[in-house]
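# Residue-level structure breakdown
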Amino acid sequence: VISEAMFEKNILRSDEKRREGDAMLKKISERSGRLFDSIKSTGEDQEAARSELLKLVPKVAKIFEDNGLPYTRHDLVCMLKLMDTDGSGTINRAEFIRGVLQIAEEVRPVLIMELHYDSLAYFKR
């Protein structure tokens, strides 16, 4: 009986933690999107040069700090080099948000699979 109650408590705690994490990621996604929208983008796909996005690194760092997430400036700068998943030479809004979220989520098995898929799609071109 006691272990059953403990098991249920653990499940509830785990569910609560997952919901909090999902809410935090949604908030980070929204703030990242607004950040991207605040810079100069070009073309039909509204893409931005890395040099423009480098100006956002302190603001992205603030997002991480506000959410208590670990990061290094090096990670954020490197993220900009890796965000261009379509190989266009520029970064669109979706690529930017996805890059920020990938650092926020840290390393997960699904992230590794996404990166593998992206690299396969890139090299098939």
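Residues numbered from 1 in each chain as written. Predicted model: local features only at pLDDT ≥ 70, side-chain atom pairs only at ≥ 80, totals over all residues. Heavy atoms only, no water.

Per-residue confidence for the protein chain gives a mean pLDDT of 83, with 84% of residues at or over 70. Within the protein chain, the lowest mean pLDDT, 66, falls on helix H6 (residues 109-124), and the highest, 94, falls on helix H3 (residues 57-66). (pLDDT = per-residue confidence, 0-100. Helix = DSSP H or I, 4+ residues; strand = E, 2+ residues; numbered from the N terminus.)

Here we take up H3. Inspection of H3 places Val57, Val60, Ala61, Ile63 and Phe64 among the buried residues, and these make up the whole buried set. Buried residues of H3, viewed axially, fall in a sector of 155 degrees; they line one side. Within two residues after H3, Gly68 carries a phi angle of roughly 65 degrees, on the positive side. (Buried < 20%, exposed > 50% of the residue type's maximum accessible area, 1.4 Å probe, protein only. Arc of directions from axis to C-beta.)

This part takes up the environment of Gly99. With respect to the secondary-structure elements, Gly99 resides in helix H5 (residues 93-105). Not counting residues within four places of it along the chain, the set of residues in contact with Gly99 comprises Met79 and Met83. (Contact = heavy atoms within 4.5 Å.)

Applying the stated criterion across every chain, the model contains 7 salt bridges. Asp37 is the partner of Arg93 in a salt bridge, and the nearest nitrogen-oxygen pair spans 2.9 Å. Taken together, the residues Arg93 in helix H5 and Asp37 in helix H1 (residues 2-37) connect sequence positions 56 residues apart. The shortest N-O distance in the salt bridge between Arg50 and Asp84 comes to 4.0 Å. Placement of the pair is Arg50 in helix H2 (residues 50-54) and Asp84 in the loop between helix H4 (73-82) and H5, with a sequence separation of 34 residues. (Salt bridge = Lys/Arg side-chain N within 4 Å of Asp/Glu carboxyl O.)

Our focus in this paragraph is the nonpolar core. In terms of nonpolar packing, the biggest core is built from 25 residues, with Leu53, Val60, Phe64, Leu76, Met79, Phe96 and Val100 touching the most fellow members. Every element with two or more residues in this core is listed here: H1, H3, H4 and H5. Ranked by residues supplied to this core, first place goes to H5 with 6 residues. (Core = buried A, V, L, I, M, F, W, Y, C linked by side-chain atoms within 4.5 Å.)

The next point concerns the packing of aromatic side chains. Think of a pair of aromatic rings as described by two things: how far the centres are apart, and how the planes are tilted against each other in angle. Applying the stated criterion across every chain, the model contains 2 aromatic pairs. When the centroid spacing of 5.8 Å and the interplanar angle of 40 degrees are considered together, the rings of Phe36 and Phe96 count as tilted. Here Phe96 lies in helix H5 and Phe36 lies in helix H1, a separation of 60 residues in the sequence. Relative accessible area serves as the criterion here: at 2%, Phe36 is assigned to the buried category. Judged by its relative accessible area of 1%, Phe96 falls in the buried class. With centroids separated by 5.7 Å and ring planes inclined at 55 degrees, the aromatic side chains of Phe64 and Tyr71 adopt a geometry described as tilted. By relative accessible area, Phe64 is classed as buried at 0%. (Phe/Tyr/Trp six-rings, centres within 6.5 Å; stacked < 30°, edge-to-face > 60°.)

Think of an α-helix as 3.6 residues a turn; residues three or four steps apart then line up on the same face. Buried within H4 we find Leu76, Met79 and Leu80. Seen end-on, H4 carries its buried residues on one side only, within an arc spanning 100 degrees. Exposed residues pointing more than 90 degrees away from the buried face of H4 are listed as His74, Lys81 and Leu82. Buried residues along H4 sit in contact with H2, H3 and H5.

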